2 protein chains.
Amino acid sequence: VTDRAGRAPETAAVIAVGSELLGSFRSDTNSLWLASRLEASGIRLVRKACVGDDSSSIGAELTVSLGAARIVLLTGGLGPTGDDRTREAVASRFGLSMRTDPAILAALRERFAARGLRMPAINEKQALVIDGSRPLPNPRGSAPGTWLEVNDRVVVLLPGVPGEMKGMFDELVLPEIERRFGGGRVHRRVLHIAAMGESSVEERVAPVYAKWPGREFTILGGAGKVDLYLSAEGEGDAAGELLDAQTRDFEEALPGRIFGRDDETLESAVGDALRRQARTVATAESCTGGLIAETLTRVPGSSDYFLGGVVAYSNRAKQDLLGVRGEALERDGAVSESVALEMARGACARFASDFAISATGIAGPGGGTEAKPVGTVWIGLAESGGREQAMHLRLGRDRHTVRAWTCRAAMEMLRRRLLGA
Amino acid sequence: VTDRAGRAPETAAVIAVGSELLGSFRSDTNSLWLASRLEASGIRLVRKACVGDDSSSIGAELTVSLGAARIVLLTGGLGPTGDDRTREAVASRFGLSMRTDPAILAALRERFAARGLRMPAINEKQALVIDGSRPLPNPRGSAPGTWLEVNDRVVVLLPGVPGEMKGMFDELVLPEIERRFGGGRVHRRVLHIAAMGESSVEERVAPVYAKWPGREFTILGGAGKVDLYLSAEGEGDAAGELLDAQTRDFEEALPGRIFGRDDETLESAVGDALRRQARTVATAESCTGGLIAETLTRVPGSSDYFLGGVVAYSNRAKQDLLGVRGEALERDGAVSESVALEMARGACARFASDFAISATGIAGPGGGTEAKPVGTVWIGLAESGGREQAMHLRLGRDRHTVRAWTCRAAMEMLRRRLLGA
C-alpha cells in the first residue's frame, strides 16, 4: 500500500489500558474509533492491544508497538486512583523521570473548586508530567493527556473515557499527526437514511453498486436507520468530486431519503429544517416514553424550535393532558390511528406549536394481542393549520428496537413534511 | 490473586489475526467471547491483541504473549488464501517445520466432493501441520485448528469464523484447558452507585480495599454513575460468601448508596421500589428534555407505576402545562429551586401521581451566565402529601454529561426517598 507519491503510509498502534477491558463486560470501543480516524488520515493501524493496569504489561505492549509503528496511542489509566498506572509505566519504559506540574495542579484544584468541592489528595497524581513531554489539556475531565517524542517515535497518552478521549484526539492530536505524518488520504463519506430497512435500501441502490465496479461500498443497518459508507482516494478536490458523483447516484436511487451525511443526525436535520422555516414542534408520546423529545433536544440550541412534549403513558394522561377523547380510546384502543392523531392535535394545541408528532404503540414484551401484537405502532403528525397524517408500523418484538424505530420514523415523517415530500 | 489452593490462576492471552480487524468497521468479537469463557474457568486473560496477516507481526505478538501468559490462543488466518499466514508464522516463531497430513488432505477433498466440487489447489495448504502439534478437526468448516505445546506453554490456533471458533473451543480446547489448568472458577459481581463522583466513592471505599489486601477491585466512573467490580475464586458457595462479605463492607462504607448489582439498573431499582410500595410517579423536565421519562420507561412493565411526564422546554410550557407561576420564573429564573419545586408539584397534580421528579438546568453549550454557568441544575421531588425537596447540582460543561448526570441524580433522589433515606 503506497500513497500517490509512492510512500508507504505511516503506521500507528493503539494500546487500550484497563483490566476491565479484559473481562467479558466491556469491549474496547475507543480503538475502533481511533482506527477510523487514523484510516481517514491515511495512517495505517498495524496493531491494537488491550492490557491490564500493571506497569510491566504496559511496558511490554509499548515495546512491541514501538517495534511495529511510528505512532503509539495509549488510552486509559490516566485517572487519579491506584489502578491508573499508564503515565508511570511509560516514563519507566523510557527511563524518564516525572515531576509535578504546578499549572496542571492549579487547574485541577480550580476544576473541583468550581463545583464547590475540595480536591481529594489522590487527584494530585494527575498533575504528574513525564520529563520532556508535552501535557495535553483536557477541558472535559480531570485527566490531562501527554504527547511524548522519543527518538523518531511519537507516543500519545489519552484518557479512557470516550468523550474525553475523542475530544482531545480531534482537537490536539490529529491535527499534529496529520501535519507531520499524513499520507495520501482516504476520504470517506457516510450517507444516512432513516425509517427504511437495510434490505429495501440495498435493493434500491444495487444499480449504483453496479455502476461503480471495483469500488467498495458498505451498508450498515440499525433500528430505523441505514448508513451507506463511500470512499475515495487522492487529494481533497479530486476525491471530493468522486464522492459527490457517488452521492448523486445514491440520491437518485433514494429520492428524498438521504437526510444527512457524516456527523449529521436525523435530529439535527429536523432541527435545521424547522429553524430555516421558523417553525416550532411539540411531541406527544406513549410507547416511546419521551425518547422523541429527548432525541430532538440532544441538539444544542433546540429550544429555538422545540417547545415541549407530553409523555402520556396512561390513558388518563392522554385525556387530561392531551385532550384525547375517552370515546376514541374506548372505540379504537390506545394504539390506533384516531388516538395517534388526537394526541398530535392535542400537543399542537397545548404547546401552541406549528407541528406536533405523536407515537402510540405496544413496545412489549407484554401488552400484545392477536389483533395488535407487540410491535404495533401508530405515529401521527398534526399541523396548526389542521393538516394531518398518520402511519401504521409493524415492527419487531424487541422493546428497545420498537422504541428506536418509532422515534426515527416519527422524526422522518416530520422531516419529509417540512421538505414538502 | 490466588485460588483457594493458594495457586495463582493460570493466565491466557488472545491474539486475533486479520487485517480487517484493524479497520473501522469490524470489531473483534471473538476475543470478548473467549474472555468470558476463560474467566468462567478461572483462567485470567492478561492481554488481547489484534494484528494484521503478516508473519513477522504475528511472531512479535506471539513473543509478547508467551512472556505474559501460559496459554496463548490465536484466532484467524487459517484459511486457504495467501492472506492466511498464522500457521506458518507460529511454526517459524518456534523454528518448527511443517508437513502435509494425508488424513487431513483426504478429509478436505471429501468435504468438497460431498458438495460436488473439486477442491481448489490453494486449499491443500490447510492440510499443513506444524511438527509436534496436534490438529483439531473442524466439522463446521475447512480450516482445522492446532494444539501445540512448546516448553511449558500451550499455543492453540483457532479459525476466525465465530461459529467455527466457538464450536472448536468448547468441544476440543476448553475441556483440555480446564482439565489441566482450571483453577477455582472466578465469580464476579458489579455494584452500582448513582449520583456520586468516582473520586468521592474511591475515598470512602479506601478502607475496604485495605481490609482485603491482595484482592483486585476495579472502579469505573461515568456520568453520574460509578461501578465497583468485585471478584472471588473458588466453588460456587464459598465464592458467593466471599462476594457477600465484600459487598457488606462496601455497603457499610457507602450506606444506602449501592442501588443494585450486575444487570440491575437505576431505573429498575426505582421501579421495583415504586411497585413494592404501590406508588406512582410522573416527571417534569426541562434541561433533560425527556431523558428521565425515557429512562424510567426502558423497563418493561413500567406503566404499572409511571403515569407520564411533561417536557417543558419553553417558559410558556412550564406555565401552561405545569402551572409554574410567571412570578417565580421572573423573580428566580427558570433554573432555580422555586421553579424546580413548582414543576414537580405541577406534575404531581396534573398526573395525580404519588411522586413527581423535576429537572431544570443549563445543559449548554449556550445559555450560561456568570451567576448560572453551563452545568447549573436544580432537581426537585414532590410528594402528593405535600412533602418536597430540591437539590442544586454544579456539573461540567458537556451537554450530554450534564443531561445524563441530572437524570441519574433525579432518579437517585426518588429512590432514596422511597427507601426512607
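In case you missed it, the structure is sitting above this.
Presented here is a report on the structure given in the accompanying data block. Being a predicted model, the structure only gives us computed values, none of them experimental.

Our next topic: the overall build of chain A. Secondary structure assignment for chain A yields 13 helices and 17 strands. Seen through its C-alpha atoms, chain A measures out along the principal axes to roughly 80 × 60 × 40 Å. Per-residue burial over chain A gives 57% buried out of 421 residues. The contacts in chain A between residues at least 6 apart in sequence include a share of 67% that link residues at least 24 apart. Entry remark: accessible area of chain A is about 17,100 Å², with carbon and sulfur atoms responsible for 49%.

All names here are of chain A. For strand β7 (residues 145-150), a buried count of 5 out of 6 residues is recorded, marking the element as mostly surrounded by other parts of the structure. By the bridge criterion, 3 bridges tie strand β6 (residues 134-136) to β7 in an arrangement that is antiparallel. Bridging from a neighbouring strand, L136 pairs with G145 of β7. Note that β7 and strand β8 (residues 153-158) share 5 bridges and pair antiparallel. The partner of L148 across the bridge, within β8, is V155.

Attention now moves to a negative patch on the surface. On the surface, D262, D263, E264 and D272 of chain A cluster together into a patch of negative charge. Following the sequence through the fold, E264 of chain A ends up in the loop between β12 (258-261) and α8 (266-276).

If you look at the interface, chain B gives 67 residues, while chain A gives 69 residues. Regarding the contact of chain B and chain A, the summed buried area is about 5,100 Å², with carbon and sulfur atoms giving 59% of it. Notably, a salt bridge pairs R403 of chain B with E294 of chain A, separated by 3.2 Å at the nearest N-O pair. Where chain B packs against chain A, one counts 25 residue pairs in polar contact (both at pLDDT 80 or more). Residue composition of the side of chain B that touches chain A, grouped by class: 33 nonpolar, 17 polar and 17 charged.

Turning our attention to the sheet that holds strand β3 (residues 71-75) of chain B. Reading across from one edge, β6(A)-β7(A)-β8(A)-β3(A)-β1(A)-β2(A)-β2(B)-β1(B)-β3(B)-β8(B)-β7(B)-β6(B) is the order of the 12 strands in this open sheet, with mixed pairing throughout. Because the sheet does not close on itself, it has two edges, and the strands there are β6 of chain A together with β6 (134-136) of chain B. Neighbour to neighbour, the strand axes of the sheet diverge by 15° on average, direction disregarded. On the sheet, helix α5 (residues 162-181) of chain A packs against β3 (71-75), β6, β7 and β8 of chain A and is oriented at approximately 170° with respect to β8 of chain A. Those strands touched by helix α5 (residues 162-181) of chain B are β3, β6, β7 (145-150) and β8 (153-158) of chain B, and its axis lies near 170° from that of β8 of chain B.

Looking now at the pattern of salt bridges. Residue and element names in this part refer to chain A. This structure, assessed with the given rule, holds 55 salt bridges over all chains. Salt-bridge contacts for D304 lead to R275; the nearest nitrogen and oxygen are separated by 3.2 Å. Of this pair, D304 sits in the loop between α9 (291-296) and β14 (306-312) while R275 sits in helix α8, and the two are 29 residues apart along the sequence. R417 serves as the salt-bridge partner of E383, at 2.4 Å between the closest nitrogen and oxygen. Of this pair, E383 sits in strand β16 (residues 376-383) while R417 sits in helix α13 (residues 399-418); the two residues are 34 residues apart in sequence, bridging distant segments of the chain. This pair shows no difference in class: E383 is buried, exactly as R417 is. Via salt bridges that share partners, R325, E327, R331, D332 and E342 belong to a single interconnected network.

All names here are of chain B. Between the first and last C-alpha of helix α6 (residues 198-211) there are 20 Å, a value that for 14 residues agrees with the 20 Å anticipated at 1.5 Å per step. Along its length, α6 shows its largest kink, about 50°, at V205, and proline P207 lies within four residues downstream of that point. Residues of α6 that are buried include every one of S199, V201, E202, V205 and V208, and no others.

Rules used throughout
- Residues numbered from 1 in each chain as written.
- Chains lettered and ligands numbered in written order.
- Predicted model: local features only at pLDDT ≥ 70, side-chain atom pairs only at ≥ 80, totals over all residues.
- Heavy atoms only, no water.
- Helix = DSSP H or I, 4+ residues; strand = E, 2+ residues; numbered from the N terminus.
- Buried < 20%, exposed > 50% of the residue type's maximum accessible area, 1.4 Å probe, protein only.
- Contact = heavy atoms within 4.5 Å.
- Areas by Shrake-Rupley, 256 points an atom, 1.4 Å probe, with all protein chains shown as cover.
- Pairing = 2+ DSSP bridges.
- Patch = residues over 30% accessible without salt bridge, like charges linked within 9 Å, V, L, I, M, F, W, Y side chains within 5 Å.
- Salt bridge = Lys/Arg side-chain N within 4 Å of Asp/Glu carboxyl O.
- Lys, Arg positive; Asp, Glu negative; His and termini not counted.
- Charge placed at Lys NZ, Arg CZ, Asp CG, Glu CD.
- Buried area = accessible area lost by both parts, 1.4 Å probe.
- Polar contact = N/O pair within 3.5 Å; in protein donor to acceptor, adjacent residues only side chain to side chain.
- Nonpolar A, V, L, I, M, F, W, Y, C, P; charged D, E, K, R; others polar.
- Axes fitted to C-alpha atoms, helices over the stretch in contact; angles between N-to-C directions.
- Expected span 1.5 Å × (residues − 1).
- Bend = angle between axes of the 7 residues up to and from the residue.

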